[in-house]
Amino acid sequence: MKLKKIFFGVLDSLLKLCESKNSLKVLGFISIIESIFFPIPPDLFLIPIALTKKYKWLFLGVFTTITSVCGGFIGYLIGAFFWDVIGSYIIQIYDADEKIDSLKLLFNNHGWMIILIAGLTPLPYKIFTIASGFLSLNIFIFIVCSILSRGLRFISIAYLVSKYGEKGVSFIKEHFNLLAIILLFFLIGIGYVFIFNK
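Since the structure is predicted, the reported quantities are computational estimates derived from the model, not experimental observations.

Draft legend 1. Inspection of the packing of helix α4 (residues 57–81) against helix α7 (residues 125–134) at higher detail. Interaxial distance between α4 and α7 falls to 6 Å at its minimum, and their mutual angle equals 45 degrees. Judged by the inter-axis angle, α4 sits oblique to α7. Note on packing geometry: the crossing formed by α4 with α7 is right-handed. When α4 is examined against α7, the residues S68, G72, G75, Y76, G79 and A80 are found in contact with a partner set consisting of Y125, T129, I130, S132, G133 and F134. Its residues assigned to classes, the contact of α4 with α7 shows five nonpolar, seven polar and no charged.

Rendered as C-alpha coordinates:
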(Lines give C-alpha, C1' and ligand atoms only; values in the text may rest on other atoms or scores of the structure.)
Protein backbone atom coordinates (compact mmCIF):
# COMPACT_ATOMS: atom_id res chain seq x y z
CA MET A 1 0.00 0.00 0.00
CA LYS A 2 2.85 2.34 0.89
CA LEU A 3 4.62 1.45 -2.37
CA LYS A 4 1.44 2.22 -4.33
CA LYS A 5 1.18 5.62 -2.62
CA ILE A 6 4.81 6.42 -3.48
CA PHE A 7 4.29 5.30 -7.09
CA PHE A 8 1.26 7.54 -7.67
CA GLY A 9 2.95 10.38 -5.82
CA VAL A 10 5.85 10.20 -8.27
CA LEU A 11 3.42 9.97 -11.19
CA ASP A 12 1.51 13.08 -10.04
CA SER A 13 4.79 14.99 -9.69
CA LEU A 14 5.87 13.98 -13.20
CA LEU A 15 2.53 15.00 -14.70
CA LYS A 16 2.82 18.41 -13.00
CA LEU A 17 6.26 18.78 -14.55
CA CYS A 18 4.62 18.28 -17.95
CA GLU A 19 3.06 21.72 -17.47
CA SER A 20 6.36 23.38 -16.58
CA LYS A 21 9.21 24.70 -18.70
CA ASN A 22 10.98 21.37 -18.19
CA SER A 23 8.13 19.43 -19.82
CA LEU A 24 10.18 18.39 -22.85
CA LYS A 25 12.99 17.06 -20.67
CA VAL A 26 10.48 15.05 -18.62
CA LEU A 27 8.90 13.62 -21.79
CA GLY A 28 12.30 12.67 -23.20
CA PHE A 29 13.41 11.07 -19.95
CA ILE A 30 10.20 9.06 -19.56
CA SER A 31 10.32 7.97 -23.19
CA ILE A 32 13.84 6.62 -22.73
CA ILE A 33 13.34 4.75 -19.45
CA GLU A 34 9.93 3.35 -20.51
CA SER A 35 11.71 1.48 -23.28
CA ILE A 36 14.04 -0.09 -20.71
CA PHE A 37 12.08 -0.72 -17.49
CA PHE A 38 9.53 1.99 -16.58
CA PRO A 39 5.91 0.69 -16.58
CA ILE A 40 4.07 3.89 -17.57
CA PRO A 41 3.89 4.69 -21.33
CA PRO A 42 5.09 8.07 -22.67
CA ASP A 43 1.60 8.71 -24.03
CA LEU A 44 0.45 9.84 -20.57
CA PHE A 45 3.08 12.59 -20.67
CA LEU A 46 2.88 13.35 -24.39
CA ILE A 47 -0.87 14.08 -24.25
CA PRO A 48 -0.85 16.87 -21.62
CA ILE A 49 2.15 18.53 -23.31
CA ALA A 50 0.41 18.37 -26.71
CA LEU A 51 -2.69 19.94 -25.15
CA THR A 52 -0.68 23.01 -24.10
CA LYS A 53 0.24 23.58 -27.78
CA LYS A 54 3.62 24.98 -26.72
CA TYR A 55 5.24 22.77 -29.34
CA LYS A 56 4.21 21.72 -32.83
CA TRP A 57 2.60 18.28 -32.92
CA LEU A 58 5.09 16.93 -35.46
CA PHE A 59 8.04 18.00 -33.33
CA LEU A 60 6.52 16.36 -30.24
CA GLY A 61 5.77 13.14 -32.10
CA VAL A 62 9.23 12.91 -33.65
CA PHE A 63 10.95 13.88 -30.38
CA THR A 64 9.07 11.18 -28.44
CA THR A 65 9.84 8.64 -31.16
CA ILE A 66 13.58 9.38 -31.18
CA THR A 67 13.95 9.29 -27.40
CA SER A 68 11.85 6.11 -27.16
CA VAL A 69 13.93 4.35 -29.82
CA CYS A 70 17.14 5.50 -28.09
CA GLY A 71 15.81 3.87 -24.93
CA GLY A 72 14.94 0.79 -26.97
CA PHE A 73 18.51 0.66 -28.26
CA ILE A 74 19.79 0.75 -24.67
CA GLY A 75 17.34 -2.06 -23.83
CA TYR A 76 18.70 -4.01 -26.81
CA LEU A 77 22.27 -3.59 -25.54
CA ILE A 78 21.20 -4.72 -22.05
CA GLY A 79 19.70 -7.87 -23.54
CA ALA A 80 22.75 -8.51 -25.73
CA PHE A 81 25.55 -7.83 -23.23
CA PHE A 82 24.08 -7.54 -19.73
CA TRP A 83 21.36 -10.19 -19.67
CA ASP A 84 22.64 -11.93 -16.56
CA VAL A 85 23.46 -8.67 -14.78
CA ILE A 86 20.19 -6.79 -15.29
CA GLY A 87 18.23 -7.88 -18.39
CA SER A 88 16.79 -11.08 -16.95
CA TYR A 89 15.69 -9.25 -13.79
CA ILE A 90 13.73 -6.64 -15.75
CA ILE A 91 12.04 -9.43 -17.73
CA GLN A 92 11.14 -11.16 -14.45
CA ILE A 93 9.44 -8.02 -13.14
CA TYR A 94 6.95 -8.32 -16.01
CA ASP A 95 6.56 -12.11 -15.52
CA ALA A 96 7.90 -12.73 -19.01
CA ASP A 97 10.97 -14.82 -18.12
CA GLU A 98 9.11 -18.08 -18.75
CA LYS A 99 8.04 -16.87 -22.19
CA ILE A 100 11.57 -16.39 -23.55
CA ASP A 101 11.53 -19.74 -25.37
CA SER A 102 8.22 -18.82 -27.02
CA LEU A 103 9.62 -15.40 -27.93
CA LYS A 104 12.68 -17.05 -29.46
CA LEU A 105 10.48 -19.06 -31.81
CA LEU A 106 8.46 -15.96 -32.71
CA PHE A 107 11.58 -13.88 -33.30
CA ASN A 108 13.08 -16.56 -35.54
CA ASN A 109 9.98 -16.60 -37.74
CA HIS A 110 8.53 -13.09 -37.46
CA GLY A 111 11.14 -10.88 -35.76
CA TRP A 112 10.33 -7.65 -37.58
CA MET A 113 6.59 -8.13 -37.14
CA ILE A 114 6.95 -8.69 -33.38
CA ILE A 115 8.75 -5.35 -32.97
CA LEU A 116 6.07 -3.57 -35.01
CA ILE A 117 3.38 -5.02 -32.75
CA ALA A 118 5.28 -4.23 -29.53
CA GLY A 119 6.08 -0.67 -30.60
CA LEU A 120 2.57 0.21 -31.69
CA THR A 121 0.29 -1.54 -29.21
CA PRO A 122 -0.05 -1.37 -25.40
CA LEU A 123 2.24 -4.41 -25.02
CA PRO A 124 5.26 -3.62 -22.77
CA TYR A 125 7.81 -2.52 -25.37
CA LYS A 126 10.72 -2.94 -22.92
CA ILE A 127 10.27 -6.72 -22.82
CA PHE A 128 10.81 -6.88 -26.57
CA THR A 129 13.72 -4.43 -26.66
CA ILE A 130 15.64 -6.50 -24.12
CA ALA A 131 14.56 -9.81 -25.65
CA SER A 132 15.64 -8.57 -29.10
CA GLY A 133 19.18 -8.09 -27.85
CA PHE A 134 19.23 -11.35 -25.91
CA LEU A 135 17.90 -13.32 -28.91
CA SER A 136 20.23 -11.50 -31.36
CA LEU A 137 17.57 -9.98 -33.59
CA ASN A 138 19.20 -8.06 -36.43
CA ILE A 139 19.93 -4.59 -34.99
CA PHE A 140 19.04 -2.83 -38.25
CA ILE A 141 15.63 -4.54 -38.39
CA PHE A 142 15.08 -3.72 -34.73
CA ILE A 143 15.81 0.00 -35.16
CA VAL A 144 13.84 0.43 -38.40
CA CYS A 145 10.76 -1.38 -37.04
CA SER A 146 11.00 0.55 -33.78
CA ILE A 147 11.14 3.88 -35.60
CA LEU A 148 8.18 2.96 -37.81
CA SER A 149 5.94 1.63 -35.05
CA ARG A 150 6.82 4.13 -32.34
CA GLY A 151 6.73 6.95 -34.88
CA LEU A 152 3.25 6.09 -36.13
CA ARG A 153 1.99 5.76 -32.57
CA PHE A 154 3.39 8.96 -31.10
CA ILE A 155 3.01 11.19 -34.16
CA SER A 156 -0.64 10.09 -34.54
CA ILE A 157 -1.36 10.81 -30.87
CA ALA A 158 0.38 14.21 -30.98
CA TYR A 159 -1.57 15.16 -34.12
CA LEU A 160 -4.99 14.11 -32.80
CA VAL A 161 -4.49 15.82 -29.44
CA SER A 162 -3.04 19.00 -30.92
CA LYS A 163 -5.72 19.33 -33.60
CA TYR A 164 -8.81 18.22 -31.68
CA GLY A 165 -7.88 18.93 -28.05
CA GLU A 166 -10.00 17.18 -25.44
CA LYS A 167 -12.10 15.55 -28.18
CA GLY A 168 -8.92 14.05 -29.60
CA VAL A 169 -7.97 12.70 -26.18
CA SER A 170 -11.42 11.12 -25.76
CA PHE A 171 -11.19 9.59 -29.24
CA ILE A 172 -7.79 8.06 -28.46
CA LYS A 173 -9.06 6.67 -25.14
CA GLU A 174 -12.11 5.08 -26.75
CA HIS A 175 -10.48 3.76 -29.90
CA PHE A 176 -6.80 3.26 -29.04
CA ASN A 177 -6.80 -0.50 -29.70
CA LEU A 178 -8.64 -0.07 -32.99
CA LEU A 179 -6.25 2.68 -34.10
CA ALA A 180 -3.28 0.50 -33.14
CA ILE A 181 -4.65 -2.44 -35.15
CA ILE A 182 -5.29 -0.29 -38.24
CA LEU A 183 -1.82 1.24 -38.11
CA LEU A 184 -0.31 -2.17 -37.43
CA PHE A 185 -1.90 -3.70 -40.53
CA PHE A 186 -0.68 -0.69 -42.50
CA LEU A 187 2.90 -1.26 -41.31
CA ILE A 188 2.76 -5.02 -41.88
CA GLY A 189 1.44 -4.40 -45.39
CA ILE A 190 4.36 -2.10 -46.15
CA GLY A 191 6.75 -4.69 -44.68
CA TYR A 192 5.42 -7.47 -46.89
CA VAL A 193 5.61 -5.27 -49.98
CA PHE A 194 9.30 -4.63 -49.36
CA ILE A 195 10.07 -8.26 -48.43
CA PHE A 196 8.31 -9.89 -51.38
CA ASN A 197 9.44 -7.33 -53.95
CA LYS A 198 13.17 -7.70 -53.35
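Draft legend 2. Spotlight on unusual backbone geometry. Even without glycine at this site, S136 takes up a positive phi of about 60 degrees. For S136, the location among the structural elements is in the loop between α7 and α8 (139–196). Given a relative accessible area of 59%, S136 falls into the exposed group.

Draft legend 3. View of the packing of aromatic side chains. In this structure the tally under the stated criterion is five aromatic pairs. A ring pair is formed by W57 and Y159, whose centres lie 5.0 Å apart and whose planes are at 70 degrees; its orientation type is edge-to-face. Residue W57 is located in helix α4, and its partner Y159 is located in helix α8; the two are separated by 102 residues in the primary sequence. W57 gets classed as partly exposed once you look at its relative accessible area, which sits at 32%. Its relative accessible area of 31% is what places Y159 among the partly exposed residues. On the basis of an interplanar angle of 25 degrees and a centroid distance of 5.9 Å, the ring pair of F59 and F63 is categorised as stacked. Remark: F63 and F59 occur in helix α4; sequence separation between them is four residues, near one turn of the helix.

Draft legend 4. Quick look at the packing of helix α2 (residues 23–34) against helix α3 (residues 43–52). Across the interface, α2 lies against α3 with an axial gap of 9 Å and an inter-helix angle of 160 degrees. Taken together, α2 and α3 sit at an angle that is classed as roughly antiparallel. Like other packed secondary-structure pairs, α2 and α3 cross with a definite hand, here left-handed. Of the residues in α3, those in contact with S23, V26, L27 and I30 of α2 are F45, L46 and I49. In terms of residue class, the contact of α2 with α3 is built from six nonpolar, one polar and no charged.

Conventions and cut-offs
- Residues numbered from 1 in each chain as written.
- Predicted model: local features only at pLDDT ≥ 70, side-chain atom pairs only at ≥ 80, totals over all residues.
- Heavy atoms only, no water.
- Axes fitted to C-alpha atoms, helices over the stretch in contact; angles between N-to-C directions.
- Helix = DSSP H or I, 4+ residues; strand = E, 2+ residues; numbered from the N terminus.
- Parallel < 35°, antiparallel > 145°, perpendicular 65-115°, else oblique.
- Left-handed = near helix turned anticlockwise from the far one by under 90°.
- Contact = heavy atoms within 4.5 Å.
- Nonpolar A, V, L, I, M, F, W, Y, C, P; charged D, E, K, R; others polar.
- Buried < 20%, exposed > 50% of the residue type's maximum accessible area, 1.4 Å probe, protein only.
- Phe/Tyr/Trp six-rings, centres within 6.5 Å; stacked < 30°, edge-to-face > 60°.

Function cannot be inferred from these measures alone, as they are strictly geometric.
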